[in-house]
2 protein chains.
Amino acid sequence: MRQNKMLLPTLREVPKDAEIVSHRLLLRAGLARMFAAGMYTYLPLGLRVLRKIEHIVREEMDKSGAQEILGSILQPAELWHTTGRWDDYGPEMMKMKDRHDRDFVLGPTHEELVTTLAKQEVNSYKRLPFNIYQVATKFRDERRPRFGMLRAREFTMKDAYSFHASYESLGETYDLMHKTYTSIFTRLGLNFRPVQADAGTIGGSGRNHEFMVLADIGEDTIAVCTHCDYAANLEKAEARYAAAGVAPTEDAPAYEKLHTPEIKTIDQLVESLNVEANTVIKTLVYLADGEAVAVVLRGDHEVNELKLQKFLGARTLELASHAEIERVTGVPSGFVGPVGLKIPVVIDRDVLGVSAGVAGANERDYHFQNVVAGRDFQTERVGDLRNAVVGDLCPHCEEGTLEFYRGIEVGHIFELGTKYSDSLGATFLNQDGKAQSFIMGCYGIGISRLITAVIEQNNDEKGIIWPMAVAPYQVHVIPVKVKDEEQMRLAEQLYNRLREQGVDVLLDDRDESAGVKFKDSDLIGLPVRVTVGKKAGEGIVEFTVRKTGEAKEVSLEQAYEEIMGLVAGH
Amino acid sequence: MRQNKMLLPTLREVPKDAEIVSHRLLLRAGLARMFAAGMYTYLPLGLRVLRKIEHIVREEMDKSGAQEILGSILQPAELWHTTGRWDDYGPEMMKMKDRHDRDFVLGPTHEELVTTLAKQEVNSYKRLPFNIYQVATKFRDERRPRFGMLRAREFTMKDAYSFHASYESLGETYDLMHKTYTSIFTRLGLNFRPVQADAGTIGGSGRNHEFMVLADIGEDTIAVCTHCDYAANLEKAEARYAAAGVAPTEDAPAYEKLHTPEIKTIDQLVESLNVEANTVIKTLVYLADGEAVAVVLRGDHEVNELKLQKFLGARTLELASHAEIERVTGVPSGFVGPVGLKIPVVIDRDVLGVSAGVAGANERDYHFQNVVAGRDFQTERVGDLRNAVVGDLCPHCEEGTLEFYRGIEVGHIFELGTKYSDSLGATFLNQDGKAQSFIMGCYGIGISRLITAVIEQNNDEKGIIWPMAVAPYQVHVIPVKVKDEEQMRLAEQLYNRLREQGVDVLLDDRDESAGVKFKDSDLIGLPVRVTVGKKAGEGIVEFTVRKTGEAKEVSLEQAYEEIMGLVAGH
């Protein structure tokens, strides 16, 4: 492509509202523009990156035996009413009415549609298993779209759905998808981890893994073992219970009341009483299916609401407001404690290890000290109710502890089971001639979000550093002066020769200063740059690798050979 | 691809509600399914056809120098308010509100968005001209979705937009696009015509052409000259005026009243009075911008509302209801005539050639006969207000007459001018350093609709006959008995060898009867079939061309060679 008439608007200034480096570079390098929050229009350079990622995803999906389809974006509401997700999905689901006032969903995902497709079109176990996928535009009305393509409202996703006659077959496809995803993200040159995760609104009964690209700006925290390959999303991460830490309750003195006026938070307690947060026993009040329940845990720990909800078997869970706390406990927020509390209490197991703790006294402006679980309050309902923390023992091996990373979720695979086939009545005739619900898996990749992930892991202060596999063009050929005939002749010669060999080349044929051209070149970050300058007359050009900054003078022929070596296999 | 686990549900029965052959075959050959009216989900076979069409379109667009982008599907309403199309587009525009109650359009087309893009990103004449295109999902809420992908509500379109500093440059790109479209539709193997057309809701001041695929089920009528290359959509078609037909008014007897009780239509008049329709002078009443106007034309002619609207310079035009006719003329519908009529009258020029006509007498149950234009009613405002008819003189050459065809509109190109850049304030600095509105063109192709057009022109009673260029697979390899090891060995050998050469092959490895396999094969209509049957032991297979039905026994090697010859260049 020739750059002169190309729609490639680079920006020198840092766009406001772009909080993270990949978002700034997305805009500065002229990859995309936004006309409404979270809705991007791809410019030529950005679209080429999107297509290259799509291509790698398709190649690996096809290799796995999956078949590509393309579902309609608009889906009739009836399908979503049947599974209950019309209501469950919440305000993130985009909806519309057609001219006849019929309700439609702008598909955030396609379980309902593909399950209905299988129900209508596949009758026999003989046609199973199969795995269908699509690369398509999806919609999710994020409350706060941000971080470029990381949290967009209109985005490209690869979603796949597999159908099986047995759980064994599902497991095989699940493992194959795990392997396929590993191949895809490896080809994209990403530093990533597959981690155990929660199934969220997709649901499902079996295994599920998220594929996380490690990045400081990631919106997820992942816990990784220092020793084995255990890795889990924080919401799902477990810790091995160090029972050795349980306190010898008989040695503790009796609890006593302390006057703690206006001391309501753990931080204030720690400061004013000069104690460690891990000796504070804090109490939170939740409404589980509308009923109040107190959750007791160590002052330095956080409730894991997912674990708590499962522990309680509750359909809905929300933190009580200050007013609700006072109404149900009779105690103002900040002074609630487990001793003598009148509402049901559940206790995180680490509280059992606090030998003499500080806890709310259930009376305004008072706390107790020397509180001991089991002695001073009942411990009938104890479980793992907290988030894992750095240094927790690995739940899977004897030697490791957990460390934390931030991650961008780029893929998610699920063993769904029969959740959707049951609710939509999607059955096939099994080997015994009986109707049986399809056993399903589903497998997503955030395609457009991968652009953000790749940039986040590949940039420097000058701009993007594209990996060869997804670079919009592989080579940037820059004649320094376009009015110099010798320079243009040499540049055109290399440009045409490389293009004939199928190399993606961008030729900067703009009549701009060398400074502008090099700055733009660094910013858009193609892997290789060939500069045709003063030594063009001798047939000498400068060959630069963007990643290393390594530059050398070579003959045009050498430049060609080096490039062909670098692009081989991409 | 192996057919056994493929999602390729063929149907023996003819689906109800599928009115035309291409729609029936779309469903019967397992190309696509519909979950709501006019919204298709592509199954693997159909998606391959879509992708092949897209590929040809992209190749030719890229060759023309156009750059691919991808606009967001959701567009903020503000853009459409600015151009006025939020209101003008009518109920065909799909709209929605986000969670913050902001209005969005599900893009039916992208003039507003790309013009805004150019406004923001392109400042100088140095960057002009450029042409950007996208292949994307579009939405249009058709009142009556039907005919498969011909009139869908969610569909794939290629839309391109060019930006220029001069009308000369626009003209050059317009001509290039005309040539590019001709290449595309030729490569698709279609019988098509570029025809002059009206600009519709897109608007624009310059030339515009529709590309029409000739088909009996086409929703458009096109007029084509028998002698020269003149072709136009009926709404736009003109006829050379045969002034020789003007009647010698002085010879006609004076008009007189006839009692014609309950005779209200042209057909009734022709029958009861035993006259020819071309001697009847009919009068229609329209409301032009709300004002009544009578249109007088020959009984065998139809009003062309587009011509009429332009003639009147009216912003809106609609036929008056019976009640409105009676209110504004004082005459019941069916008896209105030009003689003594009190509302403004416009006259189609062919009425001047009626020597002694029959017309309404402006009195219930009466007509006049021997009415002569100019003598009996004023002819101040005369023009070409009617649709062309078969046999009309060609407006472009001296020798031809017009004949009619039905056509499917698959492409439309426009010289827009500054309609959108003016209303959106999209300017650049020209060579004189002055702000000037971009001069624009736009160019559409109905990608998914082309599937319907191709099938409509390529089928027989057994099924589809895919042209090689867009066939989902090029070759169908059918081992008659999959349990026969020799047959499967030979079939697999050919299958693998062809795939290695990049040929798209479908292997029917289903354990089904020969009858079922052949019926399905004819139905899905791949260009070449290789049947591996009883003579597999001798290395002999049957080679069949779907289009001709020609079948011959050849060696496996010969079959391979024949195929490689047929697929060359595709």
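About the thresholds
- Residues numbered from 1 in each chain as written.
- Chains lettered and ligands numbered in written order.
- Predicted model: local features only at pLDDT ≥ 70, side-chain atom pairs only at ≥ 80, totals over all residues.
- Heavy atoms only, no water.
- UniProt positions renumbered as here; feature names shortened; annotations may be inferred.
- Axes fitted to C-alpha atoms, helices over the stretch in contact; angles between N-to-C directions.
- Helix = DSSP H or I, 4+ residues; strand = E, 2+ residues; numbered from the N terminus.
- Parallel < 35°, antiparallel > 145°, perpendicular 65-115°, else oblique.
- Left-handed = near helix turned anticlockwise from the far one by under 90°.
- Contact = heavy atoms within 4.5 Å.
- Nonpolar A, V, L, I, M, F, W, Y, C, P; charged D, E, K, R; others polar.
- Salt bridge = Lys/Arg side-chain N within 4 Å of Asp/Glu carboxyl O.
- Buried < 20%, exposed > 50% of the residue type's maximum accessible area, 1.4 Å probe, protein only.
- Expected span 1.5 Å × (residues − 1).
- Arc of directions from axis to C-beta.
- Polar contact = N/O pair within 3.5 Å; in protein donor to acceptor, adjacent residues only side chain to side chain.
- Pairing = 2+ DSSP bridges.
- Phe/Tyr/Trp six-rings, centres within 6.5 Å; stacked < 30°, edge-to-face > 60°.

The name an unreviewed UniProt entry gives chain A is Proline--tRNA ligase, with Tumebacillus lacus as the organism. If you open the UniProt record of chain A and go to Subunit (unreviewed entry), you find "Homodimer." Regarding chain A, the relevant UniProt record gives this comment under Sequence similarities (unreviewed entry): "Belongs to the class-II aminoacyl-tRNA synthetase family. ProS type 1 subfamily."

Chemist: I tried to follow the packing of helix α12 (residues 485-500) of chain A against helix α14 (residues 556-567) of chain A on my own but got confused; where do I start?
Modeler: A pair of packed helices can be characterised by two numbers: the angle between their axes and the separation between those axes. Residue and element names in this part refer to chain A. Running from amino to carboxyl end, α12 crosses α14 at an angle of 30 degrees, the nearest separation of the two axes being 11 Å. The angle between the axes of α12 and α14 places the two elements in the roughly parallel class. α12 and α14 meet at a crossing whose hand is right-handed. For the pair α12 and α14, contact is made by Leu490, Gln493, Leu494, Arg497 and Leu498 and by Leu556, Glu557, Tyr560, Ile563 and Met564, respectively. Looking at the contact of α12 with α14, its residues break down into seven nonpolar, one polar and two charged.

Chemist: Is there a simple way to think about unusual backbone geometry in this case?
Modeler: With glycine set apart, most residues show a phi of negative sign, and most peptide bonds adopt trans. Residue and element names in this part refer to chain A. Backbone torsion omega between Leu128 and Pro129 reads -5 degrees, so that peptide bond is classified as cis. Summarising the element assignment, Pro129 is placed in the loop between α5 (111-121) and β7 (130-139). In this structure, Asn274 is a non-glycine residue whose phi angle is positive, near 55 degrees. By the element assignment, Asn274 lies in the loop between α7 (266-273) and β14 (280-288).

Chemist: Whenever I open this one, the pattern of salt bridges confuses me. Can you help?
Modeler: Where charged atoms of side chains with opposite charge meet at close range, the side chains can pair. In this structure the tally under the stated criterion is 92 salt bridges over all chains. The shortest N-O distance in the salt bridge between Asp520 of chain B and Arg12 of chain B comes to 3.0 Å. Placement of Asp520 of chain B in helix α13 (residues 514-524) and of Arg12 of chain B in the segment before α1 (21-28) is noted, with a sequence separation of 508 residues between them. On the basis of relative accessibility, which here comes to 2%, the residue Asp520 of chain B falls in the buried class. Relative accessible area serves as the criterion here: at 41%, Arg12 of chain B is assigned to the partly exposed category. For the salt bridge of Asp520 of chain B with Arg510 of chain B, the shortest nitrogen-to-oxygen distance reads 3.0 Å. One end of the pair, Asp520 of chain B, is in helix α13; the other, Arg510 of chain B, is in the loop between β28 (505-507) and α13, with ten residues separating them in the sequence. The residues Asp520 of chain B and Arg510 of chain B share a single accessibility class, namely buried. Residues joined by salt bridges that share partners form a network here, namely Arg51, Glu54, Arg58 and Glu68 of chain A together with Arg51, Glu54, Arg58 and Glu68 of chain B.

Chemist: Got a minute to help me understand the environment of His259 of chain B in this structure?
Modeler: Residues and elements named next belong to chain B. Inspection of the secondary structure assignment puts His259 in strand β13 (residues 256-259). Remark: the alpha-carbon pair of His259 and Asp365, spanning 106 residues in sequence, is separated by 6.1 Å. The contacts of His259, once residues within four sequence positions are left out, are Asp365 and Tyr366.

Chemist: Help me understand α12 of chain A in this model?
Modeler: Residues and elements named next belong to chain A. Between its first and last C-alpha, α12 extends 22 Å over 16 residues, near the 22 Å set by a 1.5 Å rise per residue. Those residues of α12 not exposed but buried are Gln487, Met488, Leu490, Ala491, Leu494, Tyr495 and Leu498. The arc enclosing the buried residues of α12, seen along the axis, measures out at 165 degrees, which places them on a common side. In α12, the exposed positions that point more than 90 degrees away from the buried face belong to Glu485 and Glu500. Its side-chain oxygen placed 2.9 Å from the backbone nitrogen of Glu486, Asp484 serves as the N-cap of α12. Just beyond α12, the residue with positive phi is Gly502, at close to 80 degrees.

Chemist: Looking at this structure, how should I read the sheet that holds strand β19 (residues 366-371) of chain B?
Modeler: Paired through backbone hydrogen bonds, the strands of a sheet run either parallel or antiparallel to each other. All names here are of chain B. Read across the sheet, three strands follow the order β13-β19-β18 without closing on themselves; strand pairing throughout is antiparallel. What marks the edges here is a single partner per strand, and that holds for β13 and β18 (357-363). Sheet twist, expressed as the mean angle between neighbouring strand axes with direction ignored, is 40 degrees. In the sheet, β13 pairs with β19 via four bridges, with the strands oriented antiparallel.

Chemist: When you look at the packing of aromatic side chains in this model, what are you seeing that I'm missing?
Modeler: When we look at a pair of aromatic rings, we describe it by the centre distance and by the angle of the planes. All chains considered together, the criterion is met by 20 aromatic pairs over all chains. Taken together, a centroid distance of 6.0 Å and an interplanar angle of 75 degrees make the contact between Trp80 of chain A and Tyr89 of chain A edge-to-face. The same class applies to Trp80 of chain A and to Tyr89 of chain A, which are both buried. Between Tyr181 of chain B and Phe185 of chain B, the aromatic rings sit 6.0 Å apart at their centres with planes inclined by 90 degrees, giving edge-to-face as the arrangement. Placement of both Tyr181 of chain B and Phe185 of chain B in helix α6 (residues 167-187) is noted, with a separation of four residues, approximately one turn of the helix. Just as Tyr181 of chain B is buried, Phe185 of chain B falls in that class too. A network of ring pairs unites the aromatic residues Phe130, Phe163, Phe428 and Phe438 of chain A as a single cluster.

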